[in-house]
Amino acid sequence: MAFILIVTIAIYFILIAWTWQSLGFIEKTKKVGIILVGTILTYLITLTIFQTTKNQFTYENITMQKQVQNIIVAIFSGINGIIILPQIGKIIDKLKENEIEKPILVKRVVILVILFMLCLIFEIGYMKETQEGIWKVYQAMKQ
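What counts, and at which threshold
Residues numbered from 1 in each chain as written. Predicted model: local features only at pLDDT ≥ 70, side-chain atom pairs only at ≥ 80, totals over all residues. Heavy atoms only, no water. Phe/Tyr/Trp six-rings, centres within 6.5 Å; stacked < 30°, edge-to-face > 60°. Helix = DSSP H or I, 4+ residues; strand = E, 2+ residues; numbered from the N terminus. Buried < 20%, exposed > 50% of the residue type's maximum accessible area, 1.4 Å probe, protein only. Patch = residues over 30% accessible without salt bridge, like charges linked within 9 Å, V, L, I, M, F, W, Y side chains within 5 Å. Areas by Shrake-Rupley, 256 points an atom, 1.4 Å probe, with all protein chains shown as cover. Salt bridge = Lys/Arg side-chain N within 4 Å of Asp/Glu carboxyl O. Axes fitted to C-alpha atoms, helices over the stretch in contact; angles between N-to-C directions. Parallel < 35°, antiparallel > 145°, perpendicular 65-115°, else oblique. Left-handed = near helix turned anticlockwise from the far one by under 90°. Contact = heavy atoms within 4.5 Å. Nonpolar A, V, L, I, M, F, W, Y, C, P; charged D, E, K, R; others polar. Core = buried A, V, L, I, M, F, W, Y, C linked by side-chain atoms within 4.5 Å. 1 Å grid on protein atoms, 1.4 Å probe; cavity = no way out; pocket = protein on both sides within 12 Å on 5 of 7 lines; lining within 4 Å. Points joined across faces, edges and corners; volume = space filled by probe spheres on them.

Trainee: Honestly, the packing of aromatic side chains in this entry has me stumped. Any pointers?
Mentor: Any aromatic ring pair is given by two values, namely how distant the centres are and how the planes are angled relative to each other. Considering all chains together, one arrives at one aromatic pair under this definition. Each ring, one from phenylalanine 76 and one from tyrosine 126, has its centre 5.7 Å from the other, and the planes form 55°; the classification is tilted. In this pair, phenylalanine 76 is assigned in helix H3 (residues 62-96) and tyrosine 126 in helix H4 (residues 102-142), connecting sequence segments 50 residues apart. Look at phenylalanine 76 and you get buried, because its relative accessible area is 8%.

Rendered as structure tokens:
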């Protein structure tokens, strides 16, 4: 459990540092707000994915389900954030500095959305496999 916690903290440290750097010369308070809102939205998207995949498993009790949910959603939210938030930060910085034209902006946003949707599709399968693996380990430890 300590290893999972250390990895999760490292993921979020990377997420925050990379996004902070990508936001360039934007004010510090705005950077914090962007990172906070982006992380919350990423968490909500990941939580929604977990909620759709958990229905394929019967957890022994709600406590176990919540523990699995907390671990998986925390890790996957951080990974999802690393995939998307630094890129959004770069786009926001370029907009702020007037370094990007509208057609290029639209193209980058569309590519980013498509990339993120593909990641989410793969994540659904991986999240199912992760829950199944946790369930198998739990059953083996129970016996």
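Trainee: Help me understand a nonpolar patch on the surface in this model?
Mentor: Nonpolar side chains collect at one region of the surface, where Leu36, Val37, Ile40, Leu41, Tyr43 and Leu44 lie side by side and expose about 540 Å² of accessible area between them. Examined against the element boundaries, valine 37 turns out to sit in helix H2 (residues 28-53).

Trainee: Would you mind going over the packing of H2 against H3 with me for this structure?
Mentor: In a pair of packed helices, the angle between the axes and the distance between the axes together describe the arrangement. Look at H2 against H3: their axes get within 7 Å of each other, and the N-to-C directions meet at 135°. For the element pair H2 / H3, the angle class is oblique. Here H2 runs over H3; the crossing is right-handed. The residues of H3 that touch H2, namely those facing Ile34, Ile35, Gly38, Thr39, Thr42, Tyr43, Thr46, Leu47, Phe50 and Gln51, are Gln65, Val68, Gln69, Ile72, Val73, Phe76, Ser77, Asn80, Gly81, Ile84, Leu85 and Ile92. Of the residues that constitute the contact of H2 with H3, the class distribution is twelve nonpolar, ten polar and no charged.

Trainee: Got a minute to help me understand the side chain of glutamine 65 in this structure?
Mentor: Residue position: glutamine 65 is located in helix H3. Taking the relative accessible area as the measure of exposure, glutamine 65 reaches 13% and is therefore buried. Those residues in contact with glutamine 65, other than ones at most four positions away along the chain, are Phe50, Lys54 and Tyr59.

Trainee: Can you help me understand the nonpolar core in this one?
Mentor: One recurring pattern in soluble globular proteins: nonpolar side chains tend to sit buried together. Core analysis: the biggest nonpolar cluster contains 23 residues, and Phe50, Tyr59, Val68, Ile72, Ile84 and Met127 have the highest contact counts within it. Of all elements in the fold, only helix H1 (2-22), H2, H3 and H4 reach the threshold of two or more residues within this core. Counting residues per element, this core draws most heavily on H3, which supplies ten residues. Not counting residues up to four positions away in its chain, the partners in contact with methionine 127 are Thr46, Ile49, Phe50, Thr53, Ile72 and Phe76.

Trainee: Quick question: what am I supposed to make of the layout of surface pockets here?
Mentor: Roughly 240 Å³ of volume is contained in the largest pocket. If you trace the largest pocket, you find it lined by Met1, Met64, Gln67, Val68, Ile71, Ile134, Val137, Tyr138 and Met141. Only H3 and H4 provide two or more residues apiece to the lining of the largest pocket. Taken together, the residues of the lining of the largest pocket break down into eight nonpolar, one polar and no charged.

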